[in-house]
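Each chain, letter by letter, is given below.
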Amino acid sequence: GGGKYFSSSILDLGLSEGTKDAILVVGDGDFSYSRALMTSLNPRNLVTTSFDTFQELKEKYAHVEEILNDLKAWKEKKEKEDEEEERIKIMHGIDARRLEDTFQKNTFHRIVFMFPQSPPRKHARNQIQHHRALLSDFLVSARKVLSEDGGAIMISLLQGQGGTTVENNPRGHSNSWYLNLAAANASLLISDVQKVDREKLHLLGYVSRGYMNGAREFLVGGDPPKDDDESNMMSNKGKKNNNKKKKRKKKQQKEGWMHTILIPDGKTRGLDSPEWYYDNSFWNDNQQHAAANYTFDEEKFKATILEVLGNEHSASLVSIEHFDSYRDVKTGRGALGYRFKYHNPYYPLGKEASLKLNEKVRTIISDNFGELR
């Protein structure tokens, strides 16, 4: 079975040479990554896939049959060496967002997605939303077929796309693909982020494909763009912007970063786990507070919430801060507002999980302290 993940590269995946652990490669463009992995790791149990059909691959990449022939020759060699059932598979037309349609649960020790991209839509705005959706859908699906025994997902992204604090991100998190949120929404965590060794990849014949849904390469080094470079490069408005495109072409060529994503085990601390803030206000006039000498006890308020939540949920409630007091001049009713911060680096909270947790808190408040505003 897959062991605990340790520091690795995109060419060894934290596994030993000749490993029999099951590896799935999705969306491999022209299959040049799988060929590089074949050379560097010599895996015995590999499923490599493309989103394109075989016919689409031939139309898009002139050299793809040569790479596939190399993979098939390697496959035949391994099958002769290994008398067990067939362990090397090459598949086409596999959607990384629907892996459970093809593969069984708890199957793969490693799942690799090199530079995922949602195909550009003609005249579509907010293309970044489609990239974010692809990452989210992929991780939810990959989680279903990932081994519970030391399984890991490796996603390579261009500099700034992941949005982690480890990357030198010129775009800022708000302009990233929100990988930390996608992982949390799939009940996963980011355990490690490191640079892709593009020189070694290229020496092994890997070519980063798929820029703007074509065969152009994009992972070829160079400086990251400044904040506005991408919009300038994509603009076709007049000669001036065309000149900018030519001048700044080198800056489009970025570093690649490998993100390792794991199933939470309670011991591994996730990187950049999402933080959630919710404001909850309530009327401080329950019947039990009707006595004239009643004063609100903030410490009791906080302690009650944590106690009723229990250990499992209270670990994700980081702080409770008073931010507002209000009195209705007509009725004389008083209200209090508190800001709740939720964060758990060991079991990261996705949006839905944070909403459910805050709803539990709101129920505790209404049951013990007053009507919610």
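Everything numeric in this text was worked out from a predicted model, so none of it was measured.

## What to know about the overall build of the protein chain
Along the protein chain, the regular secondary structure elements total ten helices and ten strands. Counting all 373 residues of the protein chain, 47% fall into the buried class. Within the protein chain, contacts between residues separated by at least 24 positions form 73% of all contacts whose residues are at least 6 apart in sequence. As displayed, the protein chain has an accessible area near 19,300 Å², and 46% of this comes from carbon and sulfur atoms.

## Focus: helix α10 (residues 351-368)
Along an α-helix, a turn takes 3.6 residues, which lines up residues three or four apart on a common side. Along its 18 residues, α10 runs 26 Å from first to last C-alpha, staying within 8% of the 26 Å computed at 1.5 Å per residue. For α10, the set of buried residues is S354, L357, N358, V361, I364 and I365. One side of α10 holds all its buried residues, which, seen down the axis, span an arc of 110°. Seen from the buried face of α10, the exposed residues on the opposite side, beyond 90 degrees, are E352, K356 and D367. Looking at the packing, one finds that the buried side of α10 touches β8 (276-283), α9 (298-314) and β10 (334-342).

## What about the nonpolar core?
Counting residues in each nonpolar core, the largest one holds 33 residues, and the members touching the most others are I10, L13 and Y33. When residues of this core are traced back to their parent elements, those giving at least two are β1 (23-26), α1 (32-41), α3 (64-81), β4 (110-114), β5 (152-158) and β7 (256-262). Setting aside chain neighbours within four positions, we find L13 in contact with S8, I23, Y33, L37, L41, R110, V112 and M154.

## Focus on the sheet that holds strand β2 (residues 46-50)
In spatial order, the strands read β3-β2-β1-β4-β5-β7-β6; together these seven strands make up an open sheet with mixed pairing. A strand with exactly one partner marks an edge of an open sheet, and here the two such strands are β3 (88-92) and β6 (189-195). With direction set aside, neighbouring strand axes in the sheet form an average angle of 15°. Inspection of the sheet shows β4 paired to β5 by five bridges, in the parallel sense. Paired with F113 across the bridge in β5 is I155. Together, β1, β2 and β4 form the strand contacts of α1, whose direction differs from that of β1 by roughly 155°.

## Notes on unusual backbone geometry
The phi dihedral of L13 falls on the positive side, at around 60°, and the residue is not glycine. Locating L13 in the fold gives a position in the segment before β1. Here L13 falls in the buried class, since its relative accessible area comes to 0%. Notably, F31 is not glycine yet its phi reads approximately 70°, a positive angle. When you line up the elements, F31 lands in the loop between β1 and α1. Residue classification places F31 among the buried positions, given a relative accessible area of 0%.

Rules used throughout
- Residues numbered from 1 in each chain as written.
- Predicted model: local features only at pLDDT ≥ 70, side-chain atom pairs only at ≥ 80, totals over all residues.
- Heavy atoms only, no water.
- Helix = DSSP H or I, 4+ residues; strand = E, 2+ residues; numbered from the N terminus.
- Buried < 20%, exposed > 50% of the residue type's maximum accessible area, 1.4 Å probe, protein only.
- Contact = heavy atoms within 4.5 Å.
- Areas by Shrake-Rupley, 256 points an atom, 1.4 Å probe, with all protein chains shown as cover.
- Expected span 1.5 Å × (residues − 1).
- Arc of directions from axis to C-beta.
- Core = buried A, V, L, I, M, F, W, Y, C linked by side-chain atoms within 4.5 Å.
- Pairing = 2+ DSSP bridges.
- Axes fitted to C-alpha atoms, helices over the stretch in contact; angles between N-to-C directions.

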